[in-house]
Amino acid sequence: MVKTVACADAGHDCDFVVQTDNVDELVHHYMDHAERQHDREVSRSDAEDLVTEVPT
Ligand SMILES: [Zn+2]
């Protein structure tokens, strides 16, 4: 099951999107992006809340 996180869903004016079937990887990439690009620490649970399934 492919899942995605869109940075815009976190309220940023940003087109960063991660898409993978590995939730750990997804959360890690998003947290890394938020910290680097938005200087914002995102908790793992907050990142997980942004994960949505990509309709097949
Ligand atoms: Zn972003």
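Coordinates for the structure precede this section.
The structure presented is a predicted model; accordingly, all values stated were derived computationally and were not measured.

**Let's talk about the coordination of the zinc ion**
Next up, step 1: Coordination sphere of the zinc ion, protein contribution only: Cys 7 (SG), Cys 14 (SG), His 33 (NE2) and His 38 (NE2), at 2.0 to 2.3 Å.
Next up, step 2: Taken together, the four donor atoms coordinating the zinc ion and their angles of 101 to 115° define a geometry best described as tetrahedral.
Next up, step 3: All donors of the zinc ion come from a single chain, and their spacing in sequence reads C-x6-C-x18-H-x4-H.

**Looking at the environment of Ala 10**
Next up, step 1: Looking at where Ala 10 falls in the secondary structure, it is placed in the loop between β1 (3-6) and β2 (17-20).
Next up, step 2: Residue class for Ala 10 comes out partly exposed when judged on its relative accessible area of 24%.
Next up, step 3: Distance in space between the C-alpha atoms of Ala 10 and Glu 25 is 18 Å, their sequence separation being 15 residues.
Next up, step 4: Beyond its immediate sequence surroundings of up to four residues, Ala 10 is in contact with Tyr 30, Arg 40 and Leu 50.

Basis of the calculations
Residues numbered from 1 in each chain as written. Predicted model: local features only at pLDDT ≥ 70, side-chain atom pairs only at ≥ 80, totals over all residues. Heavy atoms only, no water. Donors = N, O, S within 2.8 Å, 3.2 Å for Na, K, Ca; no water. Tetrahedral: all angles 85-135°; square planar, octahedral: opposite > 155°, others 65-115°. Helix = DSSP H or I, 4+ residues; strand = E, 2+ residues; numbered from the N terminus. Buried < 20%, exposed > 50% of the residue type's maximum accessible area, 1.4 Å probe, protein only. Contact = heavy atoms within 4.5 Å.

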